[in-house]
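# Survey of secondary and tertiary structure
Listed here are the chains, written in short residue letters.
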Amino acid sequence: MTATTPAIEGWFTTGPEPALIGSACTTCSTVFFPRTAGFCRNPACNGDEFTDTELSRRGRVWSYTDAQYQPPAPYIAPTDPYVPFALAAVEVPEGIVILGQVADGYTVDDFQVGDEMELVVETLYTDDTGDRTIWRWRPVPVEPVETKEA
Amino acid sequence: MSHDVAIAGVGMHPWGKWGKNFVEYGVVAARAALADAGIPWADVDLIVGGETVRNGYGGYVAGATFAQALGWNGARVATSYAACATGAQALDTARARILAGLSEVALVVGADTTPKGFLAPNAGERYDDPDWLRFRLLGMTNPAYFALYARRRMDLYGATSEDFAQVKVKNAKHGLSNPNARYRKEVAAHDVLSSAIVADPLHLLDICATSDGAAAVILCSVEYARKHGLSDVRIKAISTVTPTFPNTVIDMPLMSTESSAGGVPEFTFKQSIGQAAYEEAGIGPDDVDVAEVYDLSTALELDWIEDLQLCKQGEAEQLLRAGDTTIGGRIPVNPSGGLACFGEAVPAQALAQVCELTWQLRGQAAGRQVEGARVGITANQGLFGHGSSVIVAR
């Protein structure tokens, strides 16, 4: 019997509106992603307690690239032959820039720096326990009212 | 009080892909530096090795490994690791003991043997290691990080693939007659642009290779240098700064930045590396005659030029296009040929930068000499928050 589970435990929620899970320091309110515990990394804060906080699901592209060649292990390619994928660094309103693969079906030609992206959860690879999922960034369709200038 | 130390000698083992034990390379570089200084190994009272993490236990204790290979002489020993900044940290350790009067002559040496292809983490499953996770969760290779920075230059400053290619063309030309360079061949912009795209927008020839190689520097007190009539090249600053919170520019190998919500520091991490070096040396960017920067990619050279304040943010392409960063121009960058001609040998690379500047300042950089160079600066950065910038002057 196989199941769909995150490729890493406790980094993001699943369901129709998935979100990354960060940690907010209960002393200085600084938000960290990935989650942290034990000590606050703000040098002006001695806090040691954190609460989980779901990060905004939308942000703006800080930069982007792709992986034209198959990355080395421990990356696990989901397909053979390898299919290149895009990567984006997206700044969320919490002021954190977060890397992620770009959702299946999109390439670097589909967005640019400053464009809006939305978090989705998709399958990263499949192992003997089933599909292992990961967060990804998906371009938010631009409202079709304006014509984009070249 | 002066914080100067003297560079008594420098030496390298040529960069290449020889597949030999890293210790052999290190010994060749160390002996070359000793010969250059005219100092016998028996007179060295401190050895600092640059650690290599891909060569087993001998690599972890590189200082002692080189000391044994050269023949135990009873010298004090240290080993440094700061990823790509390893060499600067090793130099800083040697300098500190010399300035404290605890050592007189130090040999600093770094050497590496590297595997083929993308640098990947060591084997094993490590869900608490960001360097492992970035490969497992994202397939995020080193070139992908370089590509993020390159793409930002394009979207923010109007840089083009042709600009990036011209960095390679320039560095290939610079390195043509460098006997220690691995690649000594002219490259045309067309060659770069027609090479395969590895990580958009970077082509294969925009990205530096990994190499075997070794570099060594002999440091001594200024008094010792004067007494023995040694070279008048001095180290004026070694910046090994860490970032200032919050570090809001994404850094290899991390998957996220710290939050900018509470405000950002005056300098980004990379800017602070050079800034600290200038402050320590008591000089400014206008005083610099030549720079050796860490061109892991062609585009990254342009970032460093701005981070070292050799021009304003967003203007490095103009310098490049005007020929200012070419030998003969206003501020030559990477006269050695840079990583474009060497490829990266991690623990040796920051030392190799210092070797090049030493030759430049002595007027011994045959075929690539920056005429009249008196002040040089290096820049690079190691994984997990290691700054590296060295200022040398004569």
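It should be noted that the structure appears before, not after, this text.
Read on for a plain summary of the structure. (Residues numbered from 1 in each chain as written. Chains lettered and ligands numbered in written order. Predicted model: local features only at pLDDT ≥ 70, side-chain atom pairs only at ≥ 80, totals over all residues. Heavy atoms only, no water.)

### Structural notes on the overall build of chain B
For chain B, the count of helices and strands is 14 helices and 11 strands. Computed over the C-alpha atoms, the radius of gyration of chain B is 20 Å, within 12% of the 21 Å expected from 2.2 N^0.38 for a compact globule of 394 residues. C-alpha atoms of chain B, sized along the principal axes, occupy 55 × 50 × 45 Å. Counting only residues that meet the buried cut, chain B has 62% of its 394 residues in that class. Summarising the internal contacts of chain B: among those between residues at least 6 apart in sequence, 74% fall at separations of at least 24. (Helix = DSSP H or I, 4+ residues; strand = E, 2+ residues; numbered from the N terminus. Rg over C-alpha atoms; globule rule 2.2 N^0.38 Å. Buried < 20%, exposed > 50% of the residue type's maximum accessible area, 1.4 Å probe, protein only. Contact = heavy atoms within 4.5 Å.)

### Comments concerning the nonpolar core
Formed by 94 residues in total, the largest nonpolar core has its most connected members in Trp11(A), Leu20(A), Ile98(A), Trp135(A), Trp137(A) and Leu137(B). Ile98(B), Val290(B), Phe342(B) and Val392(B) belong to the second-largest nonpolar core, a separate cluster that totals 38 residues. (Core = buried A, V, L, I, M, F, W, Y, C linked by side-chain atoms within 4.5 Å.)

### Details of unusual backbone geometry
Along the chain, Phe33(A) connects to Pro34(A) via a cis peptide bond; the corresponding omega equals -5 degrees. Looking at the secondary structure, you find Pro34(A) in the loop between strand 3 (31–32) and strand 4 (50–54). Asp200(B) connects to Pro201(B) through a cis peptide bond whose omega is 5 degrees. Residue position: Pro201(B) is located in the loop between strand 5 (197–199) and strand 6 (202–203). Even without a glycine there, the phi angle at Asn334(B) is positive, about 55 degrees. Its place among the elements puts Asn334(B) in the loop between helix 12 (316–322) and helix 13 (338–342). In this structure, Phe384(B) takes a positive phi of about 65 degrees despite not being glycine.

### Quick look at the interface of chain A and chain B
Taken residue by residue, the interface counts 45 residues in chain A and 38 residues in chain B. Roughly 3,300 Å² of surface becomes buried between chain A and chain B when both sides are summed, with 66% attributable to carbon and sulfur atoms. Applying the counting rule to chain A against chain B returns one salt bridge. A salt bridge links Arg41(A) to Glu258(B); the nearest nitrogen and oxygen atoms lie 3.9 Å apart. Remark: the boundary between chain A and chain B carries 14 residue pairs in polar contact (both at pLDDT 80 or more). Those elements that place two or more of their residues in the side of chain A that touches chain B are strand 3, strand 5 (58–67), strand 6 (85–91), strand 7 (97–102), strand 8 (116–127) and strand 9 (130–139) of chain A. A per-element tally of the side of chain A that touches chain B places strand 5 of chain A first, with six residues. (Buried area = accessible area lost by both parts, 1.4 Å probe. Salt bridge = Lys/Arg side-chain N within 4 Å of Asp/Glu carboxyl O. Polar contact = N/O pair within 3.5 Å; in protein donor to acceptor, adjacent residues only side chain to side chain.)

### Here's the deal with the packing of aromatic side chains
This structure, assessed with the given rule, holds 13 aromatic pairs over all chains. Summarising the aromatic geometry, the rings of Phe32(A) and Phe245(B) are spaced 6.5 Å apart at their centres and angled 40 degrees between planes, so their arrangement reads as tilted. With one member in each of two chains, Phe32(A) in strand 3 and Phe245(B) in the loop between strand 8 (234–239) and helix 10 (269–281) form a pair that bridges those chains. The burial state of Phe32(A) is the same as that of Phe245(B); both residues are buried. Judged by centre distance (5.8 Å) and plane angle (75 degrees), the rings of Phe22(B) and Phe66(B) are edge-to-face. One end of the pair, Phe22(B), is in helix 1 (residues 22–37); the other, Phe66(B), is in helix 3 (residues 62–70), with 44 residues separating them in the sequence. When its relative accessible area of 1% is taken as the criterion, Phe66(B) is described as buried. (Phe/Tyr/Trp six-rings, centres within 6.5 Å; stacked < 30°, edge-to-face > 60°.)

### Some thoughts on the pairing of strand 8 of chain B
Residue and element names in this part refer to chain B. Among the six residues that make up strand 8, five are buried, leaving the element largely enclosed by the rest of the structure. The sheet contact formed by strand 1 (residues 5–16) and strand 8 spans two bridges and is antiparallel. If you follow Ala6 over to strand 8, its bridge partner there is Arg234. Two strands pair when backbone bridges link them, and strand 8 and strand 11 (residues 386–393) are joined in this way by five bridges, in the antiparallel orientation. For Arg234, the partnering residue across the bridge sits in strand 11 and is Ala393. (Pairing = 2+ DSSP bridges.)

### Some remarks on the sheet that holds strand 11 of chain B
Residue and element names in this part refer to chain B. Strand order in the open sheet formed by nine strands is 3-2-4-7-1-8-11-10-9, and the pairing between neighbours is mixed. Edge positions in the sheet fall to strand 3 (76–80) and strand 9 (290–293), since each of these pairs with one other strand and no more. Averaged over all pairs of adjacent strands, the angle between strand axes in this sheet comes to 20 degrees, irrespective of strand direction. Of the pairings in the sheet, the one linking strand 9 to strand 10 (residues 375–382) comprises four bridges and is parallel in character. If you follow Val290 over to strand 10, its bridge partner there is Gly376. On top of the sheet, helix 3 reaches strand 2 (46–50), strand 3 and strand 4 (105–112); it is set at about 120 degrees to strand 2, its chief contact. (Axes fitted to C-alpha atoms, helices over the stretch in contact; angles between N-to-C directions.)

### Let's talk about the packing of helix 1 of chain B against helix 3 of chain B
Relative placement of two packed helices is described by the angle separating their axes and the distance separating the axes. Residue and element names in this part refer to chain B. For the pair helix 1 and helix 3, the least separation of the axes is 10 Å and the interaxial angle reads 70 degrees. Overall, the two elements helix 1 and helix 3 adopt an arrangement that is roughly perpendicular. The crossing of helix 1 and helix 3 is right-handed. Between helix 1 and helix 3, the residues in contact are Phe22, Val23, Gly26, Val27, Ala30 and Arg31 and Thr65, Phe66, Ala69 and Leu70, respectively. Class assignment of the residues belonging to the contact of helix 1 with helix 3 gives a composition of seven nonpolar, two polar and one charged. (Parallel < 35°, antiparallel > 145°, perpendicular 65-115°, else oblique. Left-handed = near helix turned anticlockwise from the far one by under 90°. Nonpolar A, V, L, I, M, F, W, Y, C, P; charged D, E, K, R; others polar.)

### Describing the side chain of Thr113(B)
All names here are of chain B. Assignment of secondary structure puts Thr113 in the loop between strand 4 and helix 5 (130–138). In this structure Thr113 comes out as buried when scored by relative accessible area, which is 14%. In this structure the side chain of Thr113 is engaged in a polar contact, spanning 2.6 Å, whose partner is the backbone oxygen of Lys20. Of note is the side chain of Thr113, whose polar atom sits 3.3 Å from the backbone nitrogen of Phe22.

### As for the pairing of strand 2 (residues 21–25) of chain A
Two faces make up the sheet, and in a regular strand the side chains alternate between them. All names here are of chain A. A large share of strand 2 lies buried, amounting to five of its five residues. The two faces of strand 2 match: Ile21, Ser23 and Cys25 on one face and Gly22 and Ala24 on the other face are all buried. The pairing of strand 2 with strand 4 spans five bridges and is classified as antiparallel. Bridging from a neighbouring strand, Gly22 pairs with Thr53 of strand 4. Where strand 2 and strand 3 come together, two bridges link them in antiparallel fashion. Considered in strand 3, the bridge of Ala24 is made with Val31. Counted between consecutive antiparallel strands, the loop separating strand 2 from strand 3 contains five residues, among which Ser29 sits at a positive phi close to 70 degrees.

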